[in-house]
Amino acid sequence: MLARAAEEGAKRALADVGLDGHEAALDIRDLRSLVDCLRLVRRTAMQTAVRMITTGVMLALLAGIAIKLKIFGGGP
């Protein structure tokens, strides 16, 4: 009786959020896929931001070295 009540409660909870019917399993798989894609996008965005910051720091260091060594000609 407890198992049947738990099953009915689970079905009711899924129906409340719109995940009932014949395509509920497909909808849940689609939601999981969407969450996985969001995680991938977030991870890729963080990697890209770190790469851009690292590249900017490296370019600034190279520019400072070039100016210090007067590679581009320069003033007095």
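Look up: the structure comes first, before these words.
Nothing here was measured: the structure is a model prediction, and the numbers come from that model. Every residue gets a number counted from 1 within its own chain, in the order that chain's sequence is written. Reporting of local features is limited, given that this is a predicted model, to residues whose pLDDT is at least 70; pairs of side-chain atoms are given and counted only at 80 or more, and all residues count toward the totals for whole chains, interfaces and linings. To get the side-chain values, all heavy atoms of the structure are used, and hydrogens and water are removed first.

## Regarding the overall build of the protein chain
Alright, step 1. For the protein chain, the count of helices and strands is two helices and zero strands.
Alright, step 2. Taking 76 residues into account, the globule formula puts the C-alpha radius of gyration at 11 Å, and the protein chain, at 28 Å, lies well above it.
Alright, step 3. On the principal axes, the C-alpha backbone points of the protein chain span a range of 90 × 25 × 15 Å.
Alright, step 4. Within the protein chain, the proportion of its 76 residues that are buried is 4%.
Alright, step 5. Counting every atom, the protein chain has about 7,000 Å² of accessible surface; 68% of that belongs to carbon and sulfur.
Alright, step 6. Neither His nor the chain ends is counted toward charge; the positive residues are Lys and Arg and the negative residues Asp and Glu. Think of each charge as sitting on NZ of Lys, CZ of Arg, CG of Asp or CD of Glu. On the protein chain, the mean spot of the 11 positive side-chain charges and the mean spot of the 8 negative ones are 20 Å from each other. A run of H or I in DSSP becomes a helix once it reaches four residues, and a run of E becomes a strand once it reaches two; helices and strands are each numbered from the N terminus. The quantity called the radius of gyration is restricted to C-alpha atoms. Its globule counterpart is 2.2 Å times the number of residues to the power 0.38. A 1.4 Å probe rolled over the protein chains alone gives each residue an accessible area, and that area as a share of the maximum for its type sets the label: buried under 20%, exposed over 50%, partly exposed in between. To measure how exposed things are, a 1.4 Å probe is used in the Shrake-Rupley method; for residues, cover is taken only from the protein chains shown.

## Some words on a nonpolar patch on the surface
Alright, step 1. A cluster of nonpolar residues, Leu-59, Leu-62, Ile-65, Leu-69, Ile-71 and Phe-72, forms a patch on the protein surface that exposes about 710 Å² of accessible area.
Alright, step 2. Residue placement: Leu-69 occurs in the segment after helix H2 (24–68). Residues qualify for a patch when their relative accessible area is over 30% and they have no salt bridge, like charges being joined within 9 Å and the nonpolar side chains of Val, Leu, Ile, Met, Phe, Trp and Tyr within 5 Å. What makes a salt bridge here is a side-chain nitrogen of Lys or Arg within 4 Å of a carboxyl oxygen of Asp or Glu, nothing more.

## Re unusual backbone geometry
One can expect most non-glycine residues to show negative phi and most peptide bonds to be in trans.
Alright, step 1. Despite not being glycine, Lys-70 has its phi angle at roughly 55 degrees, a positive value.
Alright, step 2. Relative to the assigned elements, Lys-70 resides in the segment after H2.

## Brief notes about the pattern of salt bridges
Alright, step 1. Going through the model one piece at a time under the given rule, you end up with two salt bridges.
Alright, step 2. The shortest N-O distance in the salt bridge between Asp-36 and Arg-39 comes to 3.5 Å. Here Arg-39 and Asp-36 lie together in helix H2, a separation of three residues that amounts to about one turn.
Alright, step 3. You can call Asp-36 partly exposed: its relative accessible area is 46%.
Alright, step 4. Residue Arg-39 is classed as partly exposed on the basis of its relative accessible area, which comes to 46%.

## Brief notes about helix H1 (residues 2–16)
Alright, step 1. End to end, H1 covers 21 Å across 15 residues, agreeing with the expected 21 Å (1.5 Å per residue, within 8%).
Alright, step 2. Phi for Gly-18, located one or two positions after H1, is positive at around 85 degrees. How far a helix is expected to stretch is found by multiplying one less than its residue total by 1.5 Å.

## Observations concerning the environment of Leu-34
Alright, step 1. For Leu-34, the location among the structural elements is in helix H2.
Alright, step 2. Taking relative accessible area as the criterion, Leu-34 reaches 49% and is therefore assigned partly exposed.
Alright, step 3. Between the alpha carbons of Leu-34 and Ala-3 there is a distance of 31 Å; along the sequence they are 31 residues apart.

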